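# Geometric and topological summary
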Amino acid sequence: MADPRFFSVHGPFTLAELAKLSGAGLGSPADGSAVVRDVAPLESAGAADIGFLDNRLYADVFAVSKAGACIVEPRMAAKAPRGMALLLSKSPYRDYARVAAAFYPDSDAADVFDASAPVHPSARIGKDTVLGPGVLVGAKAEIGRGCRIGAYTVIGAGVVIGDDCVISSHVSLSHALIGNKVTIEAGARIGQEGFGFAPDGEGYLKVPQLGRTIIGDDVLIGANTTVDRGSGPDTVIGPGCMIDNLVHIGHNVELGRGCIMAGQVGFAGSTKLGEYVMAGGQVGFAGHLRIGRGARIAAKSGVMRDIPDGATYAGFPALPVRDWHRQTVALTRLVKGKRRDG
Amino acid sequence: MADPRFFSVHGPFTLAELAKLSGAGLGSPADGSAVVRDVAPLESAGAADIGFLDNRLYADVFAVSKAGACIVEPRMAAKAPRGMALLLSKSPYRDYARVAAAFYPDSDAADVFDASAPVHPSARIGKDTVLGPGVLVGAKAEIGRGCRIGAYTVIGAGVVIGDDCVISSHVSLSHALIGNKVTIEAGARIGQEGFGFAPDGEGYLKVPQLGRTIIGDDVLIGANTTVDRGSGPDTVIGPGCMIDNLVHIGHNVELGRGCIMAGQVGFAGSTKLGEYVMAGGQVGFAGHLRIGRGARIAAKSGVMRDIPDGATYAGFPALPVRDWHRQTVALTRLVKGKRRDG
Amino acid sequence: MADPRFFSVHGPFTLAELAKLSGAGLGSPADGSAVVRDVAPLESAGAADIGFLDNRLYADVFAVSKAGACIVEPRMAAKAPRGMALLLSKSPYRDYARVAAAFYPDSDAADVFDASAPVHPSARIGKDTVLGPGVLVGAKAEIGRGCRIGAYTVIGAGVVIGDDCVISSHVSLSHALIGNKVTIEAGARIGQEGFGFAPDGEGYLKVPQLGRTIIGDDVLIGANTTVDRGSGPDTVIGPGCMIDNLVHIGHNVELGRGCIMAGQVGFAGSTKLGEYVMAGGQVGFAGHLRIGRGARIAAKSGVMRDIPDGATYAGFPALPVRDWHRQTVALTRLVKGKRRDG
């Protein structure tokens, strides 16, 4: 379930109620009486949870999911695990958005702070931690020992920060669990809602973003970098990662230990990096990729496919670097030929 | 004229006075006595306004403009509409900057807030709207009902915000009109001066930025995204647009209804998008383009030309996506050929 | 030495002490008694300073350096100037990090402000300068006359700002010297630590960033742009430079007078631009390059090599623009050929 430090779950609902409020159909009449207590990603859902399948990349996860219920397209129904109740929908993602909003109607609530109590009475601040002027700390937030928090930084309700962290001025933190010895530069935005919405008629329906941002020990986050929280799964920055300025990390991205991301790198959602991946400045990663341990990606590349362990890639679309060099050379020759003709 | 909620106009000036202060020449001696009350874009200027023509893309607009006066290069003088008074200049944009600065000497004034009255007495705040700690609201600003405004957000004089908006912490808003149900994530910068200046000797002369940023209903603006105000025309984000984190939208850009812009997309000035355009992460748009309704642009593309309705483009420079795929395949073959030779 | 307005030097140390704490070896036993008072870049180091050589691009600087001591790989020892004491290391950059941290253990200390004295008593604020609500000014900072400083902007200890500057809201300034008539838009981050660290076992060791950010007169810095301070040398933005929104400028970058950088341009470290260089939006510059006076780089290019004075480059990797156009045309023909075959 969504972390109760950050989200309050409503319900439970019967599947019949969820069918009605979402507009989806029941897989069978008997499914309507199933009781659903929460939404969850298919890979971690249990018997009282409802998930959804929208992207065929995840069909294998669906086939073995322990979710009690799932929102799927009718043609996928046959692949459901035995005993799973179904909501059938032409737009599973949109209907999931409606269901999730029923369970979590307040998921996008901005933190409310009280100017008369900048540090909420229920928050815990460790020994030798110094808060700059104007720092706000929300209800039940926990900050460890020996931290320095810069002026006007806003720490949302339930956020946990470890020991010996240096967080600069003007930082926004919400829905986040942060390790020890983490440095966050000025203006970074951590844990805000990701970019999740489904087409709904002429507009878009926002999908509740119910995950967290989890940052390991010894991480550096650069100035004005943004790390969205997960949509259900978490967004995870592994221990020892070094993230430069103005980097954008979308929801559900996972970086393994010791990754280095130079300035202005960007991630669409749900891509997963192994340990010690390095990406040069302005690299872009498409969504839902797997990047192997120790992979290196040259600056400004556009990564559109998985990359194996230890490989070095470059270009747009990114290729093994030797192929990219060959392309560059071939292009140069091609032009020289044209020039001779011209 | 520039919106009086945000800008105070000086003047009027005779064209002779404007010629003197800008260094431009009069189209004819009789033009000198024309009275000019304001600057305005050629497409919306009236008889008491002066515009300028610097970019030949807009020669057609010039030829039918109702502006009372215009700053143009001498070679364009013959194309002026009948009765338009002219200032002749080798550097119309620079001389416009001088003229505009005479009418609007305070256009770049930072908002002055009073710490003893964080919400200006002349501002209006709707029912059930909650302001976080440290929120500043300038003179005559209007905020609708049911809004939540995050800590330390700064709302400049004259800004209008509709109902049911969620604006997070550390946001800067100025020179902006914002609809209903708009979400703005932390650290977004809306309505600041655009990137406008003209060469002037060894340096640059800043061009007063006299437009606004107009944001429609149901828009999402991501964390640390920047939307400059218009230079004279407005910058417009249509209803229902979804803009991700760290996007840069330059002055005079217009997005139609329901456009989706992924993370780190960037726009030079004055490009106009139809409805429901989608751009993947890190796409760049050159200036002064027209992008058709429903166009889709693949991540990391560089768009240098207009795109027709409904087309899908990719690459740098961006091409119809099938051509781009063919190029990619052709390049791969080319390299394989070289490899066999090698 | 590092500017004492921003950094406090510890020591002195003998080279034997530095060898012990860094794990590096002494070039000769006699070198151990050398007294070292500071770290410094090789190009500006003096007889009491220790530098390091990690990047062979700088071997020539090493060969003529006046540094009293240097950390180098053993194979470079023979190229040392006469009389230079040496620390021999397989990882000069990592061992420099350890040495520099001994001299400057507090280099990453966040500014500590006192909420009861938002303007430190030792700071100097010029006549007719207006500070918005919540502005913080650190110890011994100096702000000139006629400046307007926006709400919640944080100005670190020792920062110097000239006359007639307009600094918007939510700006972070530290370790910076800023000229006259400078405009800084909302949310810009100036002078924070650069992206410097050395591999150290399974993790990374942060390298103290001991330089400053120096901004000349008449500069414009856009919203949410980041300009890191130098690592030892300074980061320098020459007079009259125009920098758009969301630009990232890494440590030790130098921009000559009058450069224009459009939105989302990014720089890796230590690249140096001559005067009046123009770069379009989203251009990326690799590190350690020299870009000639008056060079122009088309939007979205990736610059991987030096560019001569006055040249126009485009593409990725960036080429002279005519070659890039030829490539584009050749690619188009190649594809047309394939299409006919298909």
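Treat the numbers as computed from the prediction; the structure is a model and nothing was measured.

Let's shift gears to the overall build of chain A. Along its length, chain A carries four helices and 38 strands. Its C-alpha atoms give chain A principal-axis dimensions of roughly 75 × 60 × 35 Å. Sorting the 342 residues of chain A into buried and exposed places 60% on the buried side. A separation of at least 24 residues holds for 28% of the contacts in chain A among residues at least 6 apart in sequence.

Every contact between the two is made by 38 residues of chain B and, on the other side, 38 residues of chain A. Within the side of chain B that touches chain A, the residues separate by chemical class into 14 nonpolar, 17 polar and seven charged.

All names here are of chain A. Examined at the domain level, chain A breaks down into domain 1 (13–103) and domain 2 (175–322). Taking only C-alpha atoms into account, the centre of domain 1 sits 28 Å from that of domain 2. Taken together, the 11 residues of domain 1 in the interface contact 11 residues of domain 2. No other element matches helix α3 (residues 92–103), which puts six residues into the side of domain 1 that touches domain 2. In terms of residue class, the side of domain 1 that touches domain 2 is made up of nine nonpolar, one polar and one charged.

One turn of the α-helix equals 3.6 residues, which is why residues spaced by three or four share an orientation. All names here are of chain A. Among all positions of helix α1 (residues 15–22), only Leu15, Leu18, Ala19 and Ser22 are buried. For α1, the arc enclosing every buried residue in end-on projection is 105°, short of the 170-degree limit, so these residues lie on one face. Positive backbone phi, at 85°, marks Gly23, one or two positions downstream of α1.

Let us now look at the relation of the copies chain B and chain A. The two chain copies are connected by a rotation around an axis plus a translation along it. After a rotation of 120° and a shift along the axis of 0.0 Å, chain B superposes on chain A with an RMSD of 0.0 Å. As the rotation angle and translation indicate, the two copies are arranged about a three-fold axis.

So, on to the interface of chain A and chain C. Counting residues at the interface gives 38 residues for chain A, matched by 38 residues for chain C. For the side of chain A that touches chain C, the element with the most residues is helix α4 (residues 321–341) of chain A, which contributes six residues.

Residue and element names in this part refer to chain A. The sheet built from 11 strands is open, its strands ordered β9-β12-β15-β18-β23-β26-β29-β32-β35-β37-β38 with mixed pairing. The open sheet terminates on both sides in strands that have one partner only, identified here as β9 (130–131) and β38 (319–320). Direction of pairing for strand β15 (residues 166–167) relative to strand β18 (residues 183–184): parallel, over a ladder of two bridges. Bridge assignment links Ile167 to a residue of β18, and that residue is Ile184.

Turning to the relation of the copies chain A and chain C, a few remarks are in order. You can overlay chain A on chain C at an RMSD of 0.1 Å; the transform is a turn of 120° with a shift of 0.0 Å along its axis. When the interface residues of chain A are mapped onto chain C, a mere 18% of them again fall at the interface, so the copies present different faces.

This part is about the packing of α1 of chain A against α3 of chain A. Pairs of packed helices are described in terms of their axes, by the angle between the two and the distance that separates them. All names here are of chain A. Orientation of α1 relative to α3, taken along the N-to-C sense of each, is 120°, at an axis distance of 9 Å. Relative to α3, α1 is oriented oblique. For the pair α1 and α3, the sense of crossing is right-handed. Across from Leu18, Leu21 and Ser22 in α1, the residues of α3 making contact are Asp95, Arg98, Val99 and Ala102. Considering only residue class, the contact of α1 with α3 consists of four nonpolar, one polar and two charged.

With 225 residues, the main nonpolar core has Tyr313 of chain A together with Tyr313 of chain C as its most contacted residues. Those residues in contact with Tyr313 of chain C that lie beyond four places of it in its chain are Ala295, Ile297, Ala298, Ser301, Val303, Ile307, Ala318, Leu319, Pro320 and Val321 of chain C.

Time to look at the pairing of strand β21 (residues 203–206) of chain C. Residues and elements named next belong to chain C. When strand β20 (residues 197–200) meets β21, the two strands line up antiparallel, connected through four bridges. Pairing of Pro199 across the sheet is with Tyr204, part of β21. The antiparallel pairing of β20 with β21 creates a hairpin that spans two residues between the two strands, and Gly201 there sits at a positive phi of about 65°.

Let's shift gears to unusual backbone geometry. Along the chain, Gly11 of chain A connects to Pro12 of chain A via a cis peptide bond; the corresponding omega equals 5°. As for its placement among the helices and strands, Pro12 of chain A is situated in the segment before β1 (13–14). Positive phi, close to 65°, is recorded for Asp128 of chain A, a residue that is not glycine. Relative to the helices and strands, Asp128 of chain A resides in the loop between β8 (124–125) and β9. With a phi close to 75°, Asn252 of chain B is a non-glycine residue in the positive phi region.

Turning next to the environment of Ile149 of chain C. All names here are of chain C. Looking at the secondary structure, you find Ile149 in strand β12 (residues 148–149). Taking the C-alpha atoms as reference points, Ile149 and Thr226, 77 residues apart in sequence, are found 18 Å from one another. Once residues lying within four places of it in the same chain are set aside, the contact partners of Ile149 are Leu131, Gly132, Val135 and Ile167.

Before going further, it helps to examine the sheet that holds strand β6 (residues 69–72) of chain C. Residues and elements named next belong to chain C. On the basis of which strands lie adjacent, the open sheet formed by five strands has the order β2-β7-β6-β5-β4 and mixed pairing. Of all the strands in the sheet, the pair left with one neighbour each is β2 (25–26) and β4 (38–39). Here two bridges tie β4 to strand β5 (residues 49–52), and the two strands are oriented parallel to one another. Of the residues in β5, the one forming a bridge with Val39 is Ile50. Strand contacts of helix α1 (residues 15–22): β2, β5, β6 and β7 (85–88), with the helix running at about 10° to β7, the strand carrying the most contacts.

Attention shifts here to the confidence of the model for chain A. For any part of a model where pLDDT is low, the fine detail of the predicted coordinates should not be relied upon. All names here are of chain A. When the pLDDT values of chain A are averaged, the result is 94; 97% of them are 70 or greater. With pLDDT under 50 throughout, residues 338–342 is counted as low confidence; its partners more than four residues away or in other chains account for three contacts. Complex prediction metrics read pTM 0.95 and ipTM 0.95.

With 12 residues, helix α3 (residues 92–103) of chain B extends 16 Å from end C-alpha to end C-alpha; this agrees with the ideal 16 Å at 1.5 Å per step. Here α3 of chain B has its buried residues at Pro92, Arg94, Asp95, Tyr96, Ala97, Arg98, Val99, Ala100, Ala101 and Phe103 of chain B.

Residue and element names in this part refer to chain C. Note on placement: Leu334 falls in helix α4 (residues 321–341). When the 19 C-beta atoms within 10 Å are taken as the criterion, Leu334 is described as partly exposed. Counting along the chain gives 66 residues from Leu334 to Ala268, while the straight-line C-alpha distance between them is 34 Å.

The subject of this paragraph is the environment of Met261 of chain A. Residue and element names in this part refer to chain A. With respect to the helices and strands, the residue Met261 is situated in strand β29 (residues 260–261). For the pair Met261 and Gly222, spaced 39 residues apart in the sequence, the C-alpha separation amounts to 9.9 Å. Excluding residues that lie within four positions of it along the chain, Met261 makes contacts with Ile243, Asp244, Val247 and Ala279.

Rules used in this analysis
Residues numbered from 1 in each chain as written. Chains lettered and ligands numbered in written order. Predicted model: local features only at pLDDT ≥ 70, side-chain atom pairs only at ≥ 80, totals over all residues. Helix = DSSP H or I, 4+ residues; strand = E, 2+ residues; numbered from the N terminus. Buried ≥ 20, exposed ≤ 12 C-beta atoms within 10 Å, placed from the backbone. Contact = placed C-beta atoms within 7 Å. Nonpolar A, V, L, I, M, F, W, Y, C, P; charged D, E, K, R; others polar. Domains from an automatic or database assignment. Arc of directions from axis to C-beta. Least-squares fit on C-alpha atoms with pLDDT ≥ 70 in both. Pairing = 2+ DSSP bridges. Axes fitted to C-alpha atoms, helices over the stretch in contact; angles between N-to-C directions. Parallel < 35°, antiparallel > 145°, perpendicular 65-115°, else oblique. Left-handed = near helix turned anticlockwise from the far one by under 90°. Core = buried A, V, L, I, M, F, W, Y, C linked by C-beta atoms within 7 Å. pLDDT = per-residue confidence, 0-100. Expected span 1.5 Å × (residues − 1).

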